[in-house]
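These are the residues of each chain, in order.
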Amino acid sequence: MMKIFALVLIGFTFAASQVFAGQVVVRKSSEPFDAFAVRDQVAKDHQWREALRMQQQIQILQALPLGCLPVVKPYHYYRCNGLSYRPYQHKNQELFIQIDPPQTEE
């Protein structure tokens, strides 16, 4: 009985580890494949996404886009090109952070 339990436990552990293994690509051995080029491309893509994310945060925090309209209800915020920004003070400087559009009472 203990052996069966141990085998079942090992099977569940192996199955769970396969769930988190990530994407698996199967190729024919006759097809040329450069694993290092794939690794480098994945790293470049990741760096690009991180740079875009950081750039977006900096722009949001530094200044509002042109043409923003101030709104006072239900609280003070700015509406700019379909996006909403709320002001806050940090080290005696007014900065802005993107928020979800507030729900208006109707």
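Quick word on the state of the cysteines
Part 1 of the argument: Taken as a whole and assessed by the stated rule, the structure comprises one disulfide.
Part 2 of the argument: Here cysteine 68 pairs with cysteine 80 through a disulfide, and the sulfurs are 1.8 Å apart. In this structure, the disulfide formed by cysteine 68 and cysteine 80 twists by about 120° around the S-S bond and is classed as right-handed. Taken together, the residues span a long stretch of sequence, with cysteine 68 in the loop between helix H2 (35-62) and strand S1 (69-71) and cysteine 80 in strand S2 (residues 77-80) at a distance of 12 residues.
Part 3 of the argument: Here cysteine 80 falls in the buried class, since its relative accessible area comes to 2%.

Some remarks on the packing of aromatic side chains
Part 1 of the argument: In total, this model carries two aromatic pairs according to the counting rule given.
Part 2 of the argument: Seen from the ring of tyrosine 75, arginine 86 lies directly overhead, with NZ or CZ sitting 4.0 Å from the centre.

Section: the confidence of the model for the protein
Part 1 of the argument: Residues at a pLDDT of 70 or more form 70% of the protein, whose mean pLDDT is 76.
Part 2 of the argument: Between the elements of the protein, mean pLDDT differs from a low of 56, seen in helix H1 (residues 2-19), to a high of 93, seen in S1.

Definitions and cut-offs
Residues numbered from 1 in each chain as written. Predicted model: local features only at pLDDT ≥ 70, side-chain atom pairs only at ≥ 80, totals over all residues. Heavy atoms only, no water. Disulfide = S-S within 2.5 Å. Helix = DSSP H or I, 4+ residues; strand = E, 2+ residues; numbered from the N terminus. Buried < 20%, exposed > 50% of the residue type's maximum accessible area, 1.4 Å probe, protein only. Phe/Tyr/Trp six-rings, centres within 6.5 Å; stacked < 30°, edge-to-face > 60°. Lys NZ or Arg CZ within 6 Å of the ring centre and 35° of its normal. pLDDT = per-residue confidence, 0-100.

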